[in-house]
There are 4 protein chains.
Amino acid sequence: MSKGTVVLAYSGGLDTSCILVWLKEEGYDVITYLANIGQVEDFDAAKKKAESLGAKKVFIEDLRAEFVEEFIWPSVQASAIYEDRYLLGTSVARPCIARRQIQIARQEGAQYVSHGATGKGNDQIRFELTCYALYPEVQIIAPWRIPEFYNRFVGRKDLMEYAEKNGIPVPVTPKAPWSMDANLMHISYESGILENPKSHAPAGLYLMTKSPEDAPNSPDVLEIEFKKGVPIKVTHVKEGKSKDTPLDIFSYLNEMGGRHGVGRIDIVENRFIGMKSRGIYETPGGTILYHAHLDIETFTMDREVRRIKQGLGVKFAEMLYNGFWYSPECEFVRHCIDKSQERVEGKVQLSVFKGQVYILGRESPKSLYNEDLVSMDVQGDYDPCDASGFIKINAVRFVSWGVPHC
Amino acid sequence: MSKGTVVLAYSGGLDTSCILVWLKEEGYDVITYLANIGQVEDFDAAKKKAESLGAKKVFIEDLRAEFVEEFIWPSVQASAIYEDRYLLGTSVARPCIARRQIQIARQEGAQYVSHGATGKGNDQIRFELTCYALYPEVQIIAPWRIPEFYNRFVGRKDLMEYAEKNGIPVPVTPKAPWSMDANLMHISYESGILENPKSHAPAGLYLMTKSPEDAPNSPDVLEIEFKKGVPIKVTHVKEGKSKDTPLDIFSYLNEMGGRHGVGRIDIVENRFIGMKSRGIYETPGGTILYHAHLDIETFTMDREVRRIKQGLGVKFAEMLYNGFWYSPECEFVRHCIDKSQERVEGKVQLSVFKGQVYILGRESPKSLYNEDLVSMDVQGDYDPCDASGFIKINAVRFVSWGVPHC
Amino acid sequence: MSKGTVVLAYSGGLDTSCILVWLKEEGYDVITYLANIGQVEDFDAAKKKAESLGAKKVFIEDLRAEFVEEFIWPSVQASAIYEDRYLLGTSVARPCIARRQIQIARQEGAQYVSHGATGKGNDQIRFELTCYALYPEVQIIAPWRIPEFYNRFVGRKDLMEYAEKNGIPVPVTPKAPWSMDANLMHISYESGILENPKSHAPAGLYLMTKSPEDAPNSPDVLEIEFKKGVPIKVTHVKEGKSKDTPLDIFSYLNEMGGRHGVGRIDIVENRFIGMKSRGIYETPGGTILYHAHLDIETFTMDREVRRIKQGLGVKFAEMLYNGFWYSPECEFVRHCIDKSQERVEGKVQLSVFKGQVYILGRESPKSLYNEDLVSMDVQGDYDPCDASGFIKINAVRFVSWGVPHC
Amino acid sequence: MSKGTVVLAYSGGLDTSCILVWLKEEGYDVITYLANIGQVEDFDAAKKKAESLGAKKVFIEDLRAEFVEEFIWPSVQASAIYEDRYLLGTSVARPCIARRQIQIARQEGAQYVSHGATGKGNDQIRFELTCYALYPEVQIIAPWRIPEFYNRFVGRKDLMEYAEKNGIPVPVTPKAPWSMDANLMHISYESGILENPKSHAPAGLYLMTKSPEDAPNSPDVLEIEFKKGVPIKVTHVKEGKSKDTPLDIFSYLNEMGGRHGVGRIDIVENRFIGMKSRGIYETPGGTILYHAHLDIETFTMDREVRRIKQGLGVKFAEMLYNGFWYSPECEFVRHCIDKSQERVEGKVQLSVFKGQVYILGRESPKSLYNEDLVSMDVQGDYDPCDASGFIKINAVRFVSWGVPHC
């Protein structure tokens, strides 16, 4: 007699394969679900593996286009960056993945969902907040937070033994001494030998970007065209080649950024759970877009609107990092930011070279830049005498305050 | 009969030389003042020139050390960055320069100060707000805002003619087709051919940094040690060489950053005066410090303290940009930020290479990073079950709100 | 030969009558414009007076309905309050008045507008920023900032003499020893004997509200119904009487608030111009609405949405106070706040009594209040054990930080 | 064999008496601790009761003075108010109470602390975050979150039966149909019949304040003197009577406020735990101080400093409400707010009458109010022409933006 049906977020790896078998052992029917969000993966092999381990049903879902359009694009509009450095490549994938998992659970009449995220990380929160938001009655089985599970599988050795005993194919190549999470937007590296915040990342770590030292000795120059704050076209200026669907644009920027080693960072960040952790990230296309969007935004957006929008963007980044994509406040903030992007339109030229993005120039039909007004050579519609009054009035407050020591 | 004494901020160039003579013509006694804030300049020649043009007294003041310690250091603590990109190299020099000008004016009994800043820029505001704050009764003569002056000197040609007529040495090399402002922290380039926001900066523009393309093919690795949020030592890891006074540290970082082409940006920014302008900046040492400080700060500062401090830093950057260094609010915010830096201490290793700064690792006696707590291999003092309650309580709000469409 | 046409904001009083004549004297054709925004005024008499003084055309415009719907309602949605106390009754009227003035100027082909606001106040800014926003080429004649005018009319005596000489009817009743500004939303009192911040306001000052001491000894109980954050109906609970158009609702709340002495404050505030000033205000209906709206908003809005909206409201209040209604940022913020009000719907019961507003209860079809969830008597869909994990995870940060002295 | 020692926050009531006995039953040694923070209580009776129920040791601690000086005063400086209405009377007492509990636990070598707070409220969080901050290794026993306890004591009837069986004196007067929490700062009322947000509070609910209807028909006028943002003296203007120690000042303001029915509110608020709850509060002295402090602060503090301080105050209120008094961020914010109060000094006159506080006037040696500057009768050190430039520069941004529809 089954306890019910679980939709398990299944990666094909050792951990979630063991969880699959364990869930069956515990009396559940298990449906596996694997999202294609752009990671390098043998989806067919994963499918067969899940079936062979007794999954009642196996879902492999290509979410790449919706990932770019519905999740990455709003983050680009927001200039979303966590703690001034992290472009949120893992965070932004989580609601996208969990949303489909919930859709499957509803469609298949499953009362449970399960995942292999650890009990110390952010991902458990991001997955589960999305699940609770979209399917409030759902019950979540998080084995790495269940004592019977985590006390049984204390180390990798225990998983290997369990795998062997239960006919789960055991990985033949040794595990990298760190863990990794990949999607279209980025790859993150953490844990293992990276846990020591002082030790440098090993040379061969990065998979998505070339080392800047080995990158080409001449830049590629790109032109990115934006409308309503999102890219609608990218053109390689010299080659004339261009892309104009969201997925193509983003993939091409990844290719260009990857070739030139763009977007590598090594940071210590603050998890929602209250601890600091060290993460290494490479976000090639996302880094290019961050810079290009910032440039066209400042060019076309009023100063004071931008100041308010900047504050909203900081809040958005926190929500995203903490897993609150499907929250009232995040929906509200996304709406406001989207509104702010109405005029964010135009073309930015930039070069990518040896790990860097250089903005070269920009133009826009919606520009608020007024060349006559700012010119040192013509007066424009501006009377310099007004500045005297402006300055004096701005200094009125100082008089009562008194002269500071200096 | 003299109208009184003016202290003129004198650069030795054509503009302020003409202003010097014009002020005399208008009936003032003129004292010239030239601050050494690290720009490349023939100070002796400037001195002689001012004397030969009739300056009553000539001050050449070496402000480099106080510029670093009293102005750049607080900006580093604040992670001061304007509109997400500009490190405020010009802005931060202005209160430093104007403060000394006011000290001279008071000491020399001058009722007037004068400067050659234009009527459309930020600098006039930064200079004058400082003057009004520190010497409320002072009167400011800003020729570029006085119709009799700016209508007389409409173009460079008029200045040249006036110079020739008045024995002012005329520059023999042609003027660059842009204007430039240099100090220890950066060089800015704007106006002239740069006013077209679409056109790329010419190749030979940059003076402080090597082109990344011509920069060395291998990185330099540095270790910067911080205490209370400011660098107290920089060491070249391979060479073992180190610097430990503020001015030496900053100059050395400029040298390293300059060698590797670090800190070039091309942006459109929003002036206080309400117009957008295009600026190109190179800030080699400041860029390295920005990244290194950010890293050690996140490592040693509590997440929520940092969130509040980040907001204060954004405000500080705006004040600094707008010229409010000597304002009640800026004094208050500097105090708060300084307080936040009490524990910001430790060493950051980084490499500079081809225009980029890469953080490699960090360590600190005041670190809030807890390797056991975060580890995937040991439990640390943490019960994963707590996370379940944490997540569920965070989702409580969602239930009443209802399930969003997705 | 006329210098052109001026649309003068004309109040019918001594000042603007003198300005009218002075403008003609200076060679302008003068159109007068008087807005009815709810102040007590003899509009017919003002019309005749303007005509008799040589106005080319006279506009008396009833703006009361649009004032409530387009200006007061958004302020209610925003919970707009300046420096925690001032409900912005004067500020909110200014863009409404100036907008119509500009519409008249455009329609009548006038190149100039003029007003009688002083050179030290906020109103000049509020009027003129609206004018520049809506009619960028307009030229503004502000006599109280023109030396020839203000040096000629140093005191009231000068105006009186000028009036007598020019056939301007001179007021027969002595001027109150303070100045006053009235509209549908409030009356403000300032200047004169009120300039001493220590001296108490005289007893007979208030015109819109009864003294709480003389107010009825029993409360009136009202029910206000909101939809999208604005009142759509007010009902007197005992009498059953109700109002349901914006102007009627607001007028009725003024009547009720006025009867019970609601909404009097005596404050020192910070003007945009940089000085502190003392103002006394009475805002009967606005005060009732502020409290009622706050109550229904907290009842129906998610906590975190409200936190963000609160920040936007503070910014909105500053913009409104400083005169930036027609600015890019204010338009943006109004849009965001309006979005936040979508679910702000329901009924609030309150009593007004002796200067106070007491919220008694509330109900809403969109309430996010969940009586079962919060109840101490039933469990609701809530597991108290979750709170343990929630608390412990919230304390994780403290451990690395160390035990504070206490 | 004892499981160890528990320090139980003991109120003398039915709940914590049952908890005391239950803890003993469970094998703990129990020390009871009752804080006197100004509530009306028979402390002697509580002491005897605890002893008779088998408490190993009984602590009755008078914390009133430190409650005022160390907790209420910083809240006054911050103008701490939660969600624009709630003065945080319960919240501010919690860290004060829990701190002493921890001091006792450390001193007595207890490994456990326990309290009777419910599993749905804020107080459990406030108590426990304080405990974890000050005594990280402590273990907390929260019976209302332990299934064996709360499933055994489902309703009051179960507690009564348990009490009878265990010799616990049973209350003879029937329980009020709501719950109540009292201290020097306020009394809160919630739960029971108040859980219906629509129903009005019953007439006889309030214990600390007179009904405004029954309050005296003439006001009392008080003068409060502040230094560094806290009151140092209160004087009854007519009677000449004054108080000058923190506890005396606060108690006297409670008396005055209570007499005139000041400080009653009925609100729905957002708990940290994510649910909305309805609370009714009376905060007589705190309400008077809130208004008086706001007045003297605006009088003596620079506008822009205040704007920043206001934002910090909002954050402080959230931290306080959520229980984060002893957190890195709250310590930081308290420091910053304290710094902002350096000049907040002077005297405020106000009247209390029929539920209201009316500010009448203020004076200060540190005032930033400049009567000459603001005067309509004298020019002061101000040139009205400057305002023209000020306004025009502020409008520069509008031109590129374009004319809005209106």
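Residues numbered from 1 in each chain as written. Chains lettered and ligands numbered in written order. Predicted model: local features only at pLDDT ≥ 70, side-chain atom pairs only at ≥ 80, totals over all residues. Heavy atoms only, no water.

- Identification of chain A as Argininosuccinate synthase from Oncorhynchus mykiss is taken from an unreviewed UniProt entry.
- Quoted verbatim from the Catalytic activity (unreviewed entry) field of the UniProt record, the comment on chain A reads "L-citrulline + L-aspartate + ATP = 2-(N(omega)-L-arginino)succinate + AMP + diphosphate + H(+)".
- In the Subcellular location (unreviewed entry) part of its UniProt record, chain A is described as follows: "Cytoplasm, Cytosol". (UniProt positions renumbered as here; feature names shortened; annotations may be inferred.)

### Remarks on the overall build of chain A
Line of reasoning, step 1. The helix and strand tally for chain A stands at 13 helices and 14 strands.
Line of reasoning, step 2. Dimensions along the principal axes, computed over C-alpha positions, put chain A at roughly 85 × 55 × 45 Å.
Line of reasoning, step 3. Of all 406 residues assigned to chain A, the portion counted as buried reaches 64%.
Line of reasoning, step 4. Put simply, chain A shows about 14,100 Å² of open surface, and 49% of that area lies on carbon and sulfur atoms. (Helix = DSSP H or I, 4+ residues; strand = E, 2+ residues; numbered from the N terminus. Buried < 20%, exposed > 50% of the residue type's maximum accessible area, 1.4 Å probe, protein only. Areas by Shrake-Rupley, 256 points an atom, 1.4 Å probe, with all protein chains shown as cover.)

### Topic: the sheet that holds strand E11 (residues 264–270) of chain B
Each strand in a sheet pairs with another by means of backbone hydrogen bonds, the pair being arranged parallel or else antiparallel.
Residue and element names in this part refer to chain B.
Line of reasoning, step 1. Pairing within the open sheet is antiparallel, and its 4 strands lie in the order E6-E7-E12-E11. Of all strands in the sheet, those with a lone pairing partner are strand E6 (179–182) and E11, marking the two edges. Ignoring strand direction, the axes of neighbouring strands in this sheet form an average angle of 25 degrees. (Pairing = 2+ DSSP bridges. Axes fitted to C-alpha atoms, helices over the stretch in contact; angles between N-to-C directions.)

### Looking at the relation of the copies chain C and chain B
Line of reasoning, step 1. Superposition of chain C onto chain B requires a rotation of 180 degrees combined with a translation of 0.0 Å along the rotation axis, giving an RMSD of 0.0 Å. Such a combination of turn and shift is consistent with a two-fold rotation axis. Distance from the rotation axis, computed per C-alpha, reaches its smallest value in chain C at phenylalanine 390 of chain C: 1.9 Å.
Line of reasoning, step 2. A share of 100% of the interface residues of chain C reappears at the interface of chain B, consistent with the copies meeting face to face through the same patch. (Least-squares fit on C-alpha atoms with pLDDT ≥ 70 in both. Contact = heavy atoms within 4.5 Å.)

### Brief notes about the interface of chain C and chain B
Line of reasoning, step 1. Of the residues lining the interface, 19 residues belong to chain C; the matching set on chain B comes to 19 residues.
Line of reasoning, step 2. For the pair chain C and chain B, the summed buried surface comes to about 1,800 Å²; carbon and sulfur atoms form 63% of the total.
Line of reasoning, step 3. Its largest share of buried area at the contact with chain B, chain C owes to Phe390, Ile393 and Arg397 of chain C, together 29% of the area lost on that side.
Line of reasoning, step 4. Residue aspartate 302 of chain C is joined to arginine 397 of chain B by a salt bridge in which the shortest nitrogen-to-oxygen separation is 2.8 Å.
Line of reasoning, step 5. Scanning the region where chain C abuts chain B turns up 4 residue pairs in polar contact (both at pLDDT 80 or more).
Line of reasoning, step 6. Contributing elements (two or more residues each) for the side of chain C that touches chain B: helix H10 (303–322) and helix H13 (385–401) of chain C.
Line of reasoning, step 7. Among the elements that make up the side of chain C that touches chain B, the one with the highest residue count is H13 of chain C (11 residues).
Line of reasoning, step 8. Of the residues that constitute the side of chain C that touches chain B, the class distribution is 8 nonpolar, 4 polar and 7 charged. (Buried area = accessible area lost by both parts, 1.4 Å probe. Salt bridge = Lys/Arg side-chain N within 4 Å of Asp/Glu carboxyl O. Polar contact = N/O pair within 3.5 Å; in protein donor to acceptor, adjacent residues only side chain to side chain. Nonpolar A, V, L, I, M, F, W, Y, C, P; charged D, E, K, R; others polar.)

### Topic: the interface of chain B and chain A
When the parts come together, some accessible area is lost, and that loss is often what is quoted as the size of the interface.
Line of reasoning, step 1. Residue-level contacts link 106 residues of chain B with 106 residues of chain A.
Line of reasoning, step 2. Approximately 9,900 Å² of surface area, both sides summed, lies buried where chain B meets chain A, with 59% of it carried by carbon and sulfur atoms.
Line of reasoning, step 3. Contact with chain A buries surface across chain B, with Lys120, Lys276 and Arg303 of chain B losing the most and accounting together for 7% of the total.
Line of reasoning, step 4. Run the count over chain B and chain A and you get 12 salt bridges.
Line of reasoning, step 5. Residues arginine 397 of chain B and glutamate 329 of chain A are paired through a salt bridge, measuring 2.9 Å at the closest nitrogen-oxygen approach.
Line of reasoning, step 6. At the boundary of chain B and chain A, one finds 48 residue pairs in polar contact (both at pLDDT 80 or more).
Line of reasoning, step 7. With 11 residues, helix H13 (residues 385–401) of chain B is the largest single contributor of residues to the side of chain B that touches chain A.
Line of reasoning, step 8. Here the side of chain B that touches chain A is built from residues that sort into 49 nonpolar, 24 polar and 33 charged.

### Here we look at the sheet that holds strand E11 (residues 264–270) of chain A
Residue and element names in this part refer to chain A.
Line of reasoning, step 1. Read across the sheet, 4 strands follow the order E6-E7-E12-E11 without closing on themselves; strand pairing throughout is antiparallel. Edge strands, defined here as strands with exactly one partner in the open sheet, are strand E6 (179–182) and E11. Here the average twist between neighbouring strands, direction ignored, is 25 degrees.
Line of reasoning, step 2. When E11 meets strand E12 (residues 276–282), the two strands line up antiparallel, connected through 7 bridges. Within E12, the position partnered with aspartate 266 by the bridge is isoleucine 280.

### Quick notes on the UniProt feature "domain: Arginosuccinate synthase C-terminal" (unreviewed entry) in chain A
Line of reasoning, step 1. In the numbering adopted here, UniProt assigns the feature "domain: Arginosuccinate synthase C-terminal" (unreviewed entry) to residues 178–397 of chain A.
Line of reasoning, step 2. A distance of 57 Å separates the end C-alpha atoms of residues 178–397 of chain A, which is 37% helix and 25% strand.

### Quick notes on the pattern of salt bridges
Line of reasoning, step 1. According to the stated counting rule, one finds 116 salt bridges over all chains in the structure shown.
Line of reasoning, step 2. With its nearest N and O atoms 2.7 Å apart, the salt bridge here joins arginine 306 of chain A to aspartate 84 of chain B. Placement of arginine 306 of chain A in helix H10 (residues 303–322) and of aspartate 84 of chain B in the loop between helix H3 (64–78) and helix H4 (89–108) is noted, with the two residues assigned to different chains.
Line of reasoning, step 3. What makes arginine 306 of chain A buried here is its relative accessible area of 3%.
Line of reasoning, step 4. What makes aspartate 84 of chain B partly exposed here is its relative accessible area of 27%.
Line of reasoning, step 5. Among the salt bridges present, the one from aspartate 295 of chain C reaches arginine 362 of chain C, with a minimum N-O distance of 2.8 Å. Residue aspartate 295 of chain C is located in helix H9 (residues 284–300), and its partner arginine 362 of chain C is located in strand E14 (residues 356–363); the two are separated by 67 residues in the primary sequence.

### Let's talk about the relation of the copies chain B and chain A
Line of reasoning, step 1. Laying chain B over chain A is done by rotating through 180 degrees and shifting 0.0 Å along the axis; what remains is an RMSD of 0.0 Å.
Line of reasoning, step 2. Both copies share a contact surface, since 100% of the interface residues of chain B are interface residues in chain A too.

### Describing the environment of glutamine 139 of chain B
Residues and elements named next belong to chain B.
Line of reasoning, step 1. Tracing the backbone shows glutamine 139 in strand E5 (residues 139–141).
Line of reasoning, step 2. Take glutamine 139: its relative accessible area is 44%, and that puts it in the partly exposed class.
Line of reasoning, step 3. Separated by 173 residues in the primary sequence, glutamine 139 and leucine 312 place their C-alpha atoms 33 Å from one another.
Line of reasoning, step 4. With near-sequence residues (within four places) excluded, glutamine 139 lies in contact with Gln111, Tyr112 and Val113.

### Side note on the state of the cysteines
Line of reasoning, step 1. Tallied over the entire structure, the rule returns 0 disulfides over all chains.
Line of reasoning, step 2. The thiol sulfur of cysteine 18 of chain A is not disulfide-bonded, and the nearest other cysteine sulfur, from cysteine 385 of chain B, lies at 20 Å. (Disulfide = S-S within 2.5 Å.)

### Remarks on the pairing of strand E7 (residues 187–190) of chain B
Residues in a regular strand point their side chains to alternate faces of the sheet.
All names here are of chain B.
Line of reasoning, step 1. Judged from the 4 bridges that link them, E6 and E7 form a sheet pairing that is antiparallel. Within E7, the residue paired with serine 179 across the bridge is glutamate 190.
Line of reasoning, step 2. Here E6 folds back onto E7, and the loop between the two strands holds 4 residues.
Line of reasoning, step 3. Here E7 pairs with strand E12 (residues 276–282) via 3 bridges, running antiparallel. If you follow tyrosine 189 over to E12, its bridge partner there is isoleucine 280.

### Comments concerning the side chain of lysine 354 of chain C
Line of reasoning, step 1. You can see lysine 354 of chain C is positioned in the loop between strand E13 (346–353) and E14.
Line of reasoning, step 2. One buried charged residue, lysine 354 of chain C, forms no salt bridge at all, with the nearest opposite charge on aspartate 214 of chain C at 7.0 Å.
Line of reasoning, step 3. From its side chain, lysine 354 of chain C meets the backbone oxygen of glutamate 213 of chain C in a polar contact 3.4 Å long.
Line of reasoning, step 4. Aside from chain neighbours lying at most four places away, what touches lysine 354 of chain C is Pro212, Glu213, Ala215, Pro216, Asn217 and His260 of chain C together with Lys354, Gln356 and Tyr358 of chain D. (Lys, Arg positive; Asp, Glu negative; His and termini not counted.)

### Digging into the packing of helix H13 (residues 385–401) of chain A against helix H13 (residues 385–401) of chain D
Line of reasoning, step 1. In contact at an axis separation of 6 Å, H13 of chain A and H13 of chain D are set at 100 degrees when each is read in the N-to-C sense. Judged by the angle between their axes, H13 of chain A and H13 of chain D are roughly perpendicular. Across the interface between the two elements, Asp386, Ala387, Gly389, Phe390, Lys392, Ile393 and Asn394 of chain A of H13 of chain A pack against Asp386, Ala387, Gly389, Phe390, Lys392, Ile393 and Asn394 of chain D of H13 of chain D.
Line of reasoning, step 2. Here the residues of the contact of H13 of chain A with H13 of chain D are counted per class, giving 6 nonpolar, 4 polar and 4 charged. (Parallel < 35°, antiparallel > 145°, perpendicular 65-115°, else oblique.)

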